[in-house]
Amino acid sequence: MDERYTLPVLPLRDTVVYPGVAVPISAGRAGTVEAVQEALDGDRRLFAVAQQENVDDPVPEVLYTVGTVARIIQTHRVRGGVQLLVQGEGRAQAISYEPDGEGMLRAVLLDMSRQRSTDAEGPTFQALNHELRERAAELGTRRGVPAEALNQLIQGVDEPGAFADLVAFYLELPTEDKQALLETLDDEQRMRSALVAVERELARLDAQEEIQARVQEELGERQREMLLREQLKQIQRELGDENERDDVEELRERVGELELNEEQHAEVERELRRLERTSPQSAEYQVIRTFLEWVTELPWNIRSEDKIDLALSQQILDDDHYGLEDVKDRILEFLAVRKLQLERIEEDIEEEQVEPAEAEEAPAEADSSPVGGRGPILLFVGPPGVGKTSIAQSIARSLGRKYVRISLGGARDEADIRGHRRTYVGAMPGRIIQGMRQAKSKNPVFLLDEVDKLGVSFQGDPSAALLEVLDPAQNSSFTDHYLGISFDLSEVLFIATANYADRIPAPLYDRMEKVDFSGYTEAEKLEIAKRYLLPRQEKESGLREGELILDGEAILAIVQEYTREAGVRQLERELGKLARKVARKIAAGEVENLEGSTDVIRELLGRPRVHPERMAAADTVGVATGMFYTPMGGDIMFVEASVMAGEGGLVLTGQLGDVMKESGRAAWSFARSNHGRLSISEEALKGREVHIHVPAGAVPKDGPSAGITMASALVSALSGRKTRRDVAMTGELTLTGRVLPIGGVKEKLLGALRSGITEIILPRDNEADLEDLKAEVRNKLVIHLVDDLDQVIDIALTEGESPAPRAPAKTKRRLKAKATA
């Protein structure tokens, strides 16, 4: 009976030590380090045994019973453990495992002897030994082991059983299979098992090389880094593991759900095939995939169902905006047309269903027009803050459509509209296609904000790119450079906004239907403040109802003394400032509520910052009252004329533009050529120089509408007759004395009324523009419609004292007419 002995246990994870083989081992667990130290203190021998399970705390139950007695050849201390080099000496069987110390195990062992072949010199055994050595050498060569090292390794072991142990150690086998070879004591049987394992490894390498050759044939000259990914595909194909869907299949399914025409489908299918042939590691793969994701996310045939209720739409527009009647009428007209179109389509479908037989005999002609007709393209033109952008949101809400807004202010690149071609790094679609993806609907309300502020640069003209977008005859096949396929924009309701219509290129302007937004009157601002602005600012400032009380007079004081604008943005800011100051007083416990009078408003908001022109205090020689219009609204201005000794020249000051200077010269020429009938003596023209000045010299001024005002001031100064202070005038003057129409009539009249002037001189051709005024405003004004300067002089100049205001000239009313400028 063999003698029993004990040794410290060296538990191994995923490693089996064979007799005669040197193995490097890293020991880091506390029990393992303790076992190593115990061996070093003794005869340097350990019992190296594999674990059945990969656990950190090895217990006897997870250790195999058969292992190898190994001797420590070399040690090296490292942080966290020790590096060992052990040499296997012989097989042993653990009778039992006993804990010793904190985590170390000791094994009670019995040596196990190999069973050598009884016919070691026989041809069968010798053939087995020779075949094993040949196959092992072939495997080493195919693994890339140098021939010299391989020969030295094979020839260094003569004994066949020891050589089988060496081969078993270097084979890539699971731990269970390696342990089975260790436990096989019969040399011949172990050699056969090792030979079978070597043959399997060689067969695996043959299969791998075959797969690699097939992949190489498919790839050709492609980049080397794609090879591993393609090998993986081939391996999965060989294994039949194709249950997992890849990205290409997912994209193919999403594309299959789209309703594309033949041309679109062909392009998308071509890109899908390219994606299948491209490695995911390639940069081109991401470019193609991003393109296909954009295609699948666009609303090719997804529409918002129009819910058209004219009464409800009227209510929504009235609730959201005060005034703007012309704009609301145009929107309701569009809704009415849309409703009729949809109803007629439904009626036609019902008739076709009632008479199916007739329909079969005479097939109906295909209707290629969009469902419900093409959407109009509207252009909202007006000063800032009058509600152009916000009413577009109300239109979308009244239609039940999605709303998309893009700001074009400062855009200078054509690619902002049409996108970049996919050949560029970081290419992406233009703002139009991006907006359609955001809307997720084929028929949204699409707002193109600040279209008059498009720029032009060396990168192209974005306004030219908009020509196709905003042309109803072309936008059904809009092609973005990034997509490269057409996209239908014909059902989109495009709304553009601008402050200045004359800054929009003529071809683009021609494609849109203009809707004018004029400035609000003081009465309209008062109503807007009461209904919308004040409640909103009270809520934002944390005030409850009744804590800030403003009557109409107080709000009007804010409008007149703290704002100068056509819209209401500055008014809302001032109301917000007032609400915050009231909130501070309430939070400090100074007051419970505040009733805002004019004095209280001035105390909280400070001194008035706006000083509008008011009617002159008295009739004056050489000073006439004109009217002007800016995007901030209308107002009055004074034109002063002075006559002095000189050489008959004309001086014009006040930072006047070329057109306004020409109006002054035309007035001077008319006065000299017609001095007789204008009551100007010939002596008044001889040796005299005339100076015409328009105050507010820091403000640039231009335009023809001050012609009759300059002429009136000039005639007044030359004739000595006073100009009436209660009359304001506007009109272009020709060299023959004719008065031509001008623009901005509504704003100019509102400005004059705000300044306290109620008697106005207008060109007769501007009579139709009076229809733009509300009846309550027209009733406060006395309008004189004139054809020539003689009529202007008769009304504006006095013979002595100022006469009483005259009755307005009879005007022929028209339903609607456009002002010409």
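Residues numbered from 1 in each chain as written. Predicted model: local features only at pLDDT ≥ 70, side-chain atom pairs only at ≥ 80, totals over all residues. Heavy atoms only, no water.

The next subject is the overall build of the chain. If you tally the helices and strands in the chain, you get 27 helices and 26 strands. A compact globule built from 821 residues would reach a C-alpha radius of gyration of about 28 Å, whereas the chain, at 48 Å, exceeds it by more than 25%. Split into buried and exposed, the 821 residues of the chain put 46% on the buried side. In the form shown here, the chain has an accessible surface area of approximately 42200 Å², with 47% of it arising from carbon and sulfur atoms. The averaged location of the 146 negative side-chain charges in the chain is 8 Å from the averaged location of its 104 positive side-chain charges. (Helix = DSSP H or I, 4+ residues; strand = E, 2+ residues; numbered from the N terminus. Rg over C-alpha atoms; globule rule 2.2 N^0.38 Å. Buried < 20%, exposed > 50% of the residue type's maximum accessible area, 1.4 Å probe, protein only. Areas by Shrake-Rupley, 256 points an atom, 1.4 Å probe, with all protein chains shown as cover. Lys, Arg positive; Asp, Glu negative; His and termini not counted. Charge placed at Lys NZ, Arg CZ, Asp CG, Glu CD.)

What follows deals with the sheet that holds strand β7 (residues 377–381). The 5 strands are arranged β8-β9-β12-β7-β13 in an open sheet whose pairing can be described as parallel. Strands at the two margins of the open sheet, each flanked by one partner only, are β8 (403–407) and β13 (513–516). Each strand axis lies, on average, 20 degrees off the axis of its neighbour in the sheet, ignoring direction. Against the sheet, helix α14 (residues 388–399) makes contact with β7, β8, β9 (445–449) and β12 (493–498), and its axis sits at roughly 175 degrees relative to β9, the strand it touches most. (Pairing = 2+ DSSP bridges. Axes fitted to C-alpha atoms, helices over the stretch in contact; angles between N-to-C directions. Contact = heavy atoms within 4.5 Å.)

Further remarks concern the nonpolar core. In terms of nonpolar packing, the biggest core is built from 61 residues, with Phe47, Leu109 and Leu132 touching the most fellow members. The element that contributes the greatest number of residues to this core is helix α6 (residues 187–219), accounting for 7 residues. Aside from chain neighbours lying at most four places away, what touches Leu109 is Glu3, Arg4, Tyr5, Leu7, Phe47, Val69, Ala92, Gln93 and Ala94. Among the nonpolar cores identified, the runner-up in size contains 51 residues, and Tyr285, Val404, Leu408 and Leu508 belong to it. (Core = buried A, V, L, I, M, F, W, Y, C linked by side-chain atoms within 4.5 Å.)

So, about a negative patch on the surface. On the surface, a cluster of negative charge is contributed by Glu343, Glu346, Glu347, Asp348, Glu350, Glu351 and Glu352. With respect to the helices, strands and loops of the structure, Glu346 is situated in helix α12 (residues 325–354). (Patch = residues over 30% accessible without salt bridge, like charges linked within 9 Å, V, L, I, M, F, W, Y side chains within 5 Å. Salt bridge = Lys/Arg side-chain N within 4 Å of Asp/Glu carboxyl O.)

Before going further, it helps to examine helix α4 (residues 160–170). Buried residues dominate α4, accounting for 9 of its 11 residues. Taken residue by residue, α4 has Pro160, Gly161, Phe163, Ala164, Asp165, Leu166, Val167, Ala168 and Phe169 as its buried positions. Two or three places before Gly161, at the start of α4, stands the capping residue Glu159, its side-chain oxygen 3.1 Å from that residue's backbone nitrogen. (Polar contact = N/O pair within 3.5 Å; in protein donor to acceptor, adjacent residues only side chain to side chain.)

What follows covers the packing of helix α8 (residues 247–256) against helix α9 (residues 262–277). Each pair of packed helices gets described by two things: the angle between the helix axes and the distance between those axes. Where α8 meets α9, the axes come as close as 10 Å, and the angle between the chain directions of the two elements is 170 degrees. Here α8 lies roughly antiparallel to α9, going by the angle between them. Residues Val248, Glu249, Leu251, Arg252 and Val255 of α8 lie in contact with α9, whose contacting residues are Val268, Glu269, Leu272, Leu275 and Glu276. Of the residues contributing to the contact of α8 with α9, the split by class is 6 nonpolar, no polar and 4 charged. (Parallel < 35°, antiparallel > 145°, perpendicular 65-115°, else oblique. Nonpolar A, V, L, I, M, F, W, Y, C, P; charged D, E, K, R; others polar.)

Our focus in this paragraph is the environment of Asp765. Within the element layout of this structure, Asp765 appears in the loop between β25 (759–763) and α26 (775–778). Residue Asp765 is classed as exposed on the basis of its relative accessible area of 53%. Residues Asp765 and Leu740, 25 residues apart in the sequence, show an inter-C-alpha distance of 7.2 Å.

Burial of β12 is extensive: 6 of the 6 residues sit out of reach of the surface. Of the two faces of β12, both are covered, the one formed by Leu493, Ile495 and Thr497 as well as the one formed by Phe494, Ala496 and Ala498. As judged from the 5 bridges shared by β7 and β12, these two strands associate in the parallel manner. The partner of Ile377 across the bridge, within β12, is Phe494. Pairing of β9 with β12 involves 4 bridges; the strand directions are parallel. Its bridge partner lying in β12, Val445 is registered against Leu493.

Summed over all chains, the structure comprises 5 aromatic pairs. With centroids separated by 5.1 Å and ring planes inclined at 80 degrees, the aromatic side chains of Phe169 and Tyr170 adopt a geometry described as edge-to-face. Residue classification places Phe169 among the buried residues on the basis of a relative accessible area of 16%. Between Phe380 and Phe517 the ring centres are 4.9 Å apart and the planes differ by 50 degrees, which places this aromatic pair in the tilted class. Within this pair, whereas Phe380 is found in strand β7, its partner Phe517 is found in the loop between β13 and α19 (522–540), the two being separated by 137 residues in sequence. (Phe/Tyr/Trp six-rings, centres within 6.5 Å; stacked < 30°, edge-to-face > 60°.)

Following the criterion strictly, the structure yields 47 salt bridges and no others. We note a salt bridge from Glu199 to Arg135, for which the minimum N-O separation is 2.9 Å. Separated by 64 residues along the polypeptide, Glu199 in helix α6 and Arg135 in helix α2 (residues 123–142) bring together distant segments of the chain. According to the relative accessible area criterion, Glu199 is partly exposed, its value standing at 30%.

It is at 9 Å that the axes of helix α23 (residues 658–673) and helix α24 (residues 707–719) come closest, and there the two elements cross at 40 degrees. As far as their axial angle goes, α24 and α23 are oblique. Relative to α24, the crossing made by α23 is right-handed. Here α23 contributes Met660, Ser663, Gly664, Ala667, Trp668 and Ala671 to the contact with α24, which in turn contributes Gly707, Met710, Ala711, Leu714 and Leu718. Of the residues assigned to the contact of α23 with α24, the class counts are 8 nonpolar, 3 polar and no charged. (Left-handed = near helix turned anticlockwise from the far one by under 90°.)

We now examine the pairing of β9. Among the 5 residues in β9, 5 count as buried, and that is most of the element. Covered by surrounding structure in β9 are Val445, Leu447 and Asp449 together with Phe446 and Leu448, the residues of both alternating faces. Taken together, the 5 bridges between β8 and β9 define a ladder with parallel strand orientation. Paired with Val404 across the two strands is Phe446, which belongs to β9.

As a further point, take the environment of Leu718. For Leu718, the location among the structural elements is in helix α24. Judged by its relative accessible area of 8%, Leu718 is buried. Residues in contact with Leu718, not counting those within four places in the same chain, are Val643, Trp668, Ala671, Ile680, Ala684, Leu685 and Val690.

Here the focus is the side chain of Glu574. With respect to the element layout, Glu574 can be found in helix α21 (residues 569–587). Of the residues examined, Glu574 reaches a relative accessible area of 5% and is grouped as buried. Reaching out from Glu574, the side chain makes a polar contact with the side chain of Gln570 at a distance of 2.8 Å.

Below, the discussion takes up the confidence of the model for the chain. Mean pLDDT for the chain: 82, with 90% of residues reaching 70 or above. Confidence drops under a pLDDT of 50 for residues 357–372, and excluding neighbours within four residues, the segment shows 10 contacts in the predicted structure. A low-confidence stretch, residues 801–821 stays under pLDDT 50, and its non-local contacts, those more than four residues away or across chains, total 45 contacts. (pLDDT = per-residue confidence, 0-100.)

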